[in-house]
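# Results of the structural survey
Here are the chains, one letter per residue:
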Amino acid sequence: MTHPEQKRDPAASAADAAARQAHSRAHHAAHAHGTAVDEACRNFGITVEDYLLPARGQIQIVDESGRRRAVEDQGTAPGHEYPLPSDEALLRGYEQLVVGRRVNDQNSALVRQGRMAVYPSSHGQEACQVAAALCLGEGDWMFPTYRDSVAVMSKGVDPVETMVLFRGDWHGGYDPAKYKVGIQCTPLTTQLLHAVGVAHAAKLRGEDTVVLAMCGDGATSEGDFHEALNFAAVFNLPVVFFVQNNQYAISVPLAQQSVAPSLAHKAVGYGMAGERVDGNDLVALMAVLGRAVELARAGSGPLLVEAHTYRMQAHTNADDATRYREDAEVQAWMAKDPLARMKTYLQDQGLLDDAETTRIAAAAEDVATRLRDGLNEDVEVDPLDLFRFVFSTPTPQLAEQSARLAEELSREEAAK
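This is a predicted model, so every value here is computed, not measured.

### Considerations on helix α3 (residues 87-112)
With 26 residues, α3 ought to run about 38 Å at 1.5 Å a step, and its terminal C-alpha atoms sit 38 Å apart, in line with that. Backbone geometry just after α3 places G114 at a positive phi near 85°.

### A word on the pattern of salt bridges
Taken as a whole, this structure holds 21 salt bridges when the rule is applied. Between E207 and R205 there is a salt bridge, with its nearest N and O atoms 3.9 Å apart. A relative accessible area of 40% places E207 in the partly exposed class. Given the relative accessible area of 61%, R205 is considered exposed. Each of E95, E356 and R359 takes part in one network of salt bridges that share partners.

### Quick look at the packing of α3 against helix α13 (residues 354-376)
Each pair of packed helices gets described by two things: the angle between the helix axes and the distance between those axes. In the contact formed by α3 and α13, the axes pass within 9 Å of each other and the chain directions differ by 35°. As for how α3 packs across α13, the hand of that crossing is right-handed. Residues Y94, E95, V98, V99, R102, V103, Q106, N107 and L110 of α3 lie in contact with α13, whose contacting residues are R359, I360, A363, A364, E365, V367, A368, L371, R372 and L375. Its residues placed into classes, the contact of α3 with α13 shows 12 nonpolar, two polar and five charged.

### Let's talk about unusual backbone geometry
With a phi close to 55°, K180 is a non-glycine residue in the positive phi region. On the secondary structure map, K180 appears in the loop between α7 (176-179) and α8 (190-205). On the basis of relative accessibility, which here comes to 26%, the residue K180 falls in the partly exposed class. In the Ramachandran plot, Q247 falls in the positive-phi region, its phi being about 80° despite a non-glycine side chain. With respect to the secondary-structure elements, Q247 resides in the loop between β3 (239-245) and β4 (248-249).

### Some thoughts on the pairing of strand β2 (residues 211-216)
When you tally the buried positions in β2, you get five out of six residues, the bulk of the element. In terms of strand pairing, strand β1 (residues 141-143) meets β2 through three bridges, oriented parallel. Opposite F143, over in β2, you have A213 as the bridge partner. Taken together, the six bridges between β2 and β3 define a ladder with parallel strand orientation. From the neighbouring strand, V211 faces β3, where its bridge partner is V239. The parallel pair β2 and β3, bridged by helix α9 (residues 223-234), forms a crossover whose chirality is right-handed.

About the thresholds
Residues numbered from 1 in each chain as written. Predicted model: local features only at pLDDT ≥ 70, side-chain atom pairs only at ≥ 80, totals over all residues. Heavy atoms only, no water. Helix = DSSP H or I, 4+ residues; strand = E, 2+ residues; numbered from the N terminus. Expected span 1.5 Å × (residues − 1). Salt bridge = Lys/Arg side-chain N within 4 Å of Asp/Glu carboxyl O. Buried < 20%, exposed > 50% of the residue type's maximum accessible area, 1.4 Å probe, protein only. Axes fitted to C-alpha atoms, helices over the stretch in contact; angles between N-to-C directions. Left-handed = near helix turned anticlockwise from the far one by under 90°. Contact = heavy atoms within 4.5 Å. Nonpolar A, V, L, I, M, F, W, Y, C, P; charged D, E, K, R; others polar. Pairing = 2+ DSSP bridges. Right-handed = clockwise from strand over helix to strand, strands pointing away.

Now the structure itself:
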């Protein structure tokens with residue numbers, strides 16, 4: 001207690017007031033989160049545990065042969081039911097799937113030709129990539145990893161702009177604000193914190209925005225993963241965390257990262273709902289991610305979706321995958337190829353004929369041609385760009401280094 005004759009420090013008073021406000025905001029956020037989960041449980045007529053925990057099996061609507069499974073065999077449970085996406089949405093998804101596969105193959109060739117410095121292929125994971133983009137609305141944000149180029153393109157970013165990062169340019173290639181797509185993130189898991197920050201800002205502004213935060217199974221072992229999920233849950237933010245479990249964190253298998261029943265089970269520890277889905281089943285992915293986005297938009301708080309998929313090719317062109325996995329394992333996953341599965345499904349449903357197949361193949365080839373032409377153009381490099389775009393106001397050290405480099409370049413030019 002302050003003595004009547006004792007004057008309080010104004011700075012201490014302001015700090016106390018700020019602390020009280022922060023505590024009040026946290027209290028209200030936690031209360032709102034509990035209310036949102038309770039509301040979702042009431043809507044679905046299930047318990048909190050049944051809402052938060054993933055269904056007993058992974059959600060799979062179309063099996064490996066391309067046949068639609070009976071509803072009772074799709075792995076659903078009360079509160080975890082998923083209606084089929086529209087025929088139009090599925091056809092759009094299939095076209096993006098074909099384009100994505102062609103892009104992966106083209107980029108791998110460009111690396112071998114020396115036109116790209118590195119490329120983390122998503123060959124075999126394209127269904128995850130496409131569904132991630134198509135589940136979002138025009139005003140929603142996506143935060144991708146370095147392996148999510150197909151998702152970035154599917155969200156509307158120009159193919160060449162998407163790939164210049166892997167050519168080694170000094171910039172990310174596209175304007176994040178224009179497309180509402182974060183720059184592809186090479187540091188592991190940092191993009192999840194960026195995603196949560198955007199979602200928090202959108203909520204404070206009263207914007208109707210959902211954020212999709214993408215990561216791999218290796219990212220779930222990072223501290224940033226915990227911080228992002230915990231913050232999103234406490235403040236009841238509209239974020240869908242999408243984990244592409246492709247079985248390996250570079251060379252480390254999942255069994256050496258986590259002994260949880262599944263990565264989706266990690267969600268319950270944060271008070272958010274988790275779900276598992278077949279990551280090579282485009283139909284199931286679009287259904288599950290679409291519903292997750294709807295729930296997040298409706299105020300149910302963040303959700304976590306784990307997709308079981310497989311990286312068919314090496315981690316990057318600098319990796320030798322034969323050191324840590326067997327050919328038999330790769331062959332087993334080739335039989336689950338998302339592209340062949342979706343083509344068979346659409347043909348059986350009478351949604352895909354020869355003419356449409358030809359048109360889609362031509363569209364994919366057009367994208368590959370644009371990539372070849374765009375990445376074959378020589379880039380004029382200005383070494384001083386190394387300093388121009390680090391800070392809006394350069395630090396004294398950067399200014400000094402920039403001046404020394406400019407002087408050296410000037411001497412070299414004069415000596416020619």
